[in-house]
Amino acid sequence: QVQLVESGGDSVQAGGSLRLSCVASGLTYNRYWMAWFRQAPGKEREGVAGIYVGGGVTYYGDSVKGRFTASQDNAKSTLYLEMNSLTSEDTAMYYCAADFSSHCWVYRDCYYWGQGTQVTVSS
């Protein structure tokens, strides 16, 4: 059984930084997709970062390029999202997701999802 547990969400001032973590369990293969998505009230789900674990490829949404960095610690089965230069536009619930297909990132259609962690940026 695959479980994804996010943490690290908080309330911060604009210009600040946060690091989100997603601990994955039950993913027994060494190649799969993991991604960060976010969704603000009244808005569509947005792809933040997608990483092909075991393949060394990372993608970012246009709105976060240059500010956010996704990384993985395979030993800890953890996906991180380092977020810098935060603005109020980054306020959203952030979700970690995983799948064995690239549809997870390309179509925002992932089989496994975490419960989400809230990020609130005040100006």
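In what follows, the structure referred to is the one given above.
What comes next concerns the included structure. (Residues numbered from 1 in each chain as written. Predicted model: local features only at pLDDT ≥ 70, side-chain atom pairs only at ≥ 80, totals over all residues. Heavy atoms only, no water.)

Structural notes on the packing of aromatic side chains
- Inspection of every chain in the model, using the stated rule, returns seven aromatic pairs.
- Where tryptophan 33 meets tyrosine 59, the ring centres are 6.1 Å apart and the plane angle is 20 degrees; that geometry is what we call stacked. Highlighted residues: tryptophan 33 in strand 4 (residues 32–39) and tyrosine 59 in strand 6 (residues 57–60), separated in sequence by 26 residues.
- Among the residues examined, tryptophan 33 registers a relative accessible area of 10% and is labelled buried.
- Given the relative accessible area of 39%, tyrosine 59 is considered partly exposed.
- Between the aromatic rings of tyrosine 95 and tryptophan 113, the centroid separation amounts to 6.4 Å while the plane-to-plane angle is 80 degrees, which identifies the pairing as edge-to-face. In this pair, tyrosine 95 is assigned in strand 9 (residues 92–99) and tryptophan 113 in strand 10 (residues 112–113), connecting sequence segments 18 residues apart.
- Of the residues examined, tyrosine 95 reaches a relative accessible area of 22% and is grouped as partly exposed.
- In this structure an aromatic cluster arises from ring pairing among Phe37, Tyr95, Trp105 and Trp113. (Phe/Tyr/Trp six-rings, centres within 6.5 Å; stacked < 30°, edge-to-face > 60°. Helix = DSSP H or I, 4+ residues; strand = E, 2+ residues; numbered from the N terminus. Buried < 20%, exposed > 50% of the residue type's maximum accessible area, 1.4 Å probe, protein only.)

A short note on the sheet that holds strand 8 (residues 78–83)
- Strand order in this open sheet of four strands is 1-3-8-7, and the pairing throughout is antiparallel. The sheet is open, and its two edges are formed by strand 1 (3–7) and strand 7 (68–73), each paired on a single side. Adjacent strand axes in the sheet meet at a mean angle of 15 degrees when their direction is disregarded.
- Bridging between strand 3 (residues 18–25) and strand 8 involves six bridges; their strand directions are antiparallel. The partner of leucine 18 across the bridge, within strand 8, is methionine 83. (Pairing = 2+ DSSP bridges. Axes fitted to C-alpha atoms, helices over the stretch in contact; angles between N-to-C directions.)

Let's talk about the nonpolar core
- Counting residues in each nonpolar core, the largest one holds 29 residues, and the members touching the most others are Met34, Leu81, Met83 and Tyr94.
- Looking at this core, the elements with two or more residues in it are strand 3, strand 4, strand 5 (46–53), strand 7, strand 8, strand 9 and strand 11 (117–122).
- When near neighbours in sequence (up to four residues on either side) are disregarded, methionine 83 contacts Gly16, Ser17, Leu18, Leu20, Arg67, Phe68, Tyr94 and Val119.
- Listed in part, the seven residues of the second largest apolar core include Trp33, Phe37, Ala97 and Trp105. (Core = buried A, V, L, I, M, F, W, Y, C linked by side-chain atoms within 4.5 Å. Contact = heavy atoms within 4.5 Å.)

Remarks on the side chain of serine 21
- Mapped onto the elements of the fold, serine 21 is located in strand 3.
- Classification of serine 21 as buried rests on a relative accessible area of 14%.
- Those residues in contact with serine 21 that sit more than four places away from it in its chain are Val5, Glu6, Ser7, Trp36, Thr78, Leu79 and Tyr80.

Quick notes on the state of the cysteines
- What the rule picks out here adds up to two disulfides.
- The disulfide partner of cysteine 22 is cysteine 96, and the gap between their sulfur atoms is 2.0 Å. On the sign convention where negative means left-handed, the S-S torsion of about -75 degrees between cysteine 22 and cysteine 96 marks this disulfide as left-handed. Highlighted residues: cysteine 22 in strand 3 and cysteine 96 in strand 9, separated in sequence by 74 residues. Accessibility classification places cysteine 22 together with cysteine 96 in one group, the buried group.
- With a sulfur-sulfur separation of 2.1 Å, cysteine 104 is cross-linked through a disulfide to cysteine 110. The S-S bond linking cysteine 104 to cysteine 110 shows a torsion near 95 degrees; that makes this disulfide right-handed.
- Under the relative-accessibility criterion, cysteine 104 is labelled buried at 0%.
- Each bonded cysteine of the chain gets a number by its place in the sequence, and the pairs then read 1-2, 3-4. (Disulfide = S-S within 2.5 Å.)

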